[in-house]
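Listed below, chain by chain, are the residues.
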Amino acid sequence: EQEGKGAAAEPPAAMPARGCFMIRNQKCLHSLYSKNKSACPLKVMVRHPELLQHDFTTKGRLFIPVDIQVCNRRDDISVSFVFETLPPNQEFDSVSRSFRESRNHSMAARYFWHGKTTQRIKQLGPNKKVLLQIHAVFHSDGDYNLNRFRFSVDMPGIGIKHFFFPLQHLISIRSAGTATPEPVVNGEGGTSP
């Protein structure tokens, strides 16, 4: 079952997604880690365009569809979790493994999430998957990492545990008329361990 909150309005028509996607379609299969009771039971795959051009002067902000496929990699239990996007002023500190306010107070080079920014998934069955769809909103060109989200997983016998996947899901946006950068090569892309 999926519940959500966030902006209910549909974004205006945006430039169609072009370029390579980070992940090919994959099945959620049994993992060597599935018996580790404290390991994250989720496998996360993110799909989005890598390189886009947009005229921010005449067309304004740019909405990009982002698909996040979440698999329960446990083969013995169902999993419940909450997916939530991070606000633009919050970031993950990989050293302390915690969330904090950003040291950079400039909002010019940030993106925002639009749509169901919080989604509760109840009882995702063993080796089952669910697709979460949101939009990233950009106000200027630049290079961005679309990894600003986290999962709060109800871990049986442990309680709620927060997980962040510090993988890079890069997107480059260039203003119309700007020289196109060399494409980013990501191999198989960003899947979680």
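Here, every reference points to the structure presented above.
Chemist: Where do I start with the side chain of His-54 in this structure?
Modeler: Along the chain, His-54 turns up in strand β3 (residues 51–54). You can call His-54 buried: its relative accessible area is 7%. Residues within four places of His-54 in sequence aside, it is in contact with Lys-59, Gly-60, Arg-61, Leu-62, Arg-174, Ser-175 and Ala-176.

Chemist: How do you make sense of the pairing of strand β10 (residues 129–138) when you look at a structure like this?
Modeler: Sheet topology places strand β4 (residues 62–72) next to β10; 10 bridges connect them, and they run antiparallel. Its bridge partner lying in β10, Val-66 is registered against Ile-134. Strand direction decides the pairing type here: strand β8 (residues 111–114) and β10, joined by four bridges, are antiparallel. What sits directly across from His-114, in β10, is His-135.

Chemist: Looking at this structure, I do not really get the nonpolar core. What am I missing?
Modeler: As a rule of thumb, soluble globular proteins bury nonpolar side chains together. Leu-42, Ile-68, Phe-81, Phe-138 and Phe-151 are the most contacted members of the largest nonpolar core, which has 33 residues in total. For this core, the secondary-structure elements that each account for two or more residues are β2 (42–47), β4, β5 (79–85), β8, β9 (116–124), β10, β12 (149–155) and β14 (170–175).

Chemist: Would you mind going over the pattern of salt bridges with me for this structure?
Modeler: Side chains bearing opposite charge may pair, as long as their charged atoms lie close to each other. All chains considered together, the criterion is met by four salt bridges. The residue Asp-76 makes a salt bridge to Arg-74 at a minimum N-O spacing of 2.9 Å. Note that Arg-174 and Asp-143 form a salt bridge whose closest N and O atoms lie 2.9 Å from each other. Taken together, the positions of Arg-174 in strand β14 and Asp-143 in strand β11 (residues 142–145) put the pair 31 residues apart, joining distant regions of the chain. The buried category is assigned to Arg-174, whose relative accessible area is 13%.

Chemist: So what exactly am I meant to see when it comes to the sheet that holds β3 here?
Modeler: By definition, the strands of a sheet pair up through backbone hydrogen bonds, in either a parallel or an antiparallel sense. In space, the three strands of this open sheet follow the order β3-β14-β11, with mixed pairing throughout. Only two strands of the sheet have a single partner each, and these edge strands are β3 and β11. Geometrically, the sheet is characterised by an average inter-axis angle of 25° between neighbouring strands, direction not taken into account. As judged from the four bridges shared by β3 and β14, these two strands associate in the parallel manner.

Chemist: Looking at this model, I keep getting lost on unusual backbone geometry. Mind explaining?
Modeler: Peptide bonds are, in most cases, trans, and in most cases residues other than glycine have a negative phi. For Gln-123, which is not a glycine, the phi torsion comes out positive at approximately 55°. A relative accessible area of 55% places Gln-123 in the exposed class. Even without a glycine there, the phi angle at Asn-127 is positive, about 60°. You can see Asn-127 is positioned in the loop between β9 and β10. Asn-127 gets classed as partly exposed once you look at its relative accessible area, which sits at 28%.

Reading the values: rules and limits
- Residues numbered from 1 in each chain as written.
- Predicted model: local features only at pLDDT ≥ 70, side-chain atom pairs only at ≥ 80, totals over all residues.
- Heavy atoms only, no water.
- Helix = DSSP H or I, 4+ residues; strand = E, 2+ residues; numbered from the N terminus.
- Buried < 20%, exposed > 50% of the residue type's maximum accessible area, 1.4 Å probe, protein only.
- Contact = heavy atoms within 4.5 Å.
- Pairing = 2+ DSSP bridges.
- Core = buried A, V, L, I, M, F, W, Y, C linked by side-chain atoms within 4.5 Å.
- Salt bridge = Lys/Arg side-chain N within 4 Å of Asp/Glu carboxyl O.
- Axes fitted to C-alpha atoms, helices over the stretch in contact; angles between N-to-C directions.

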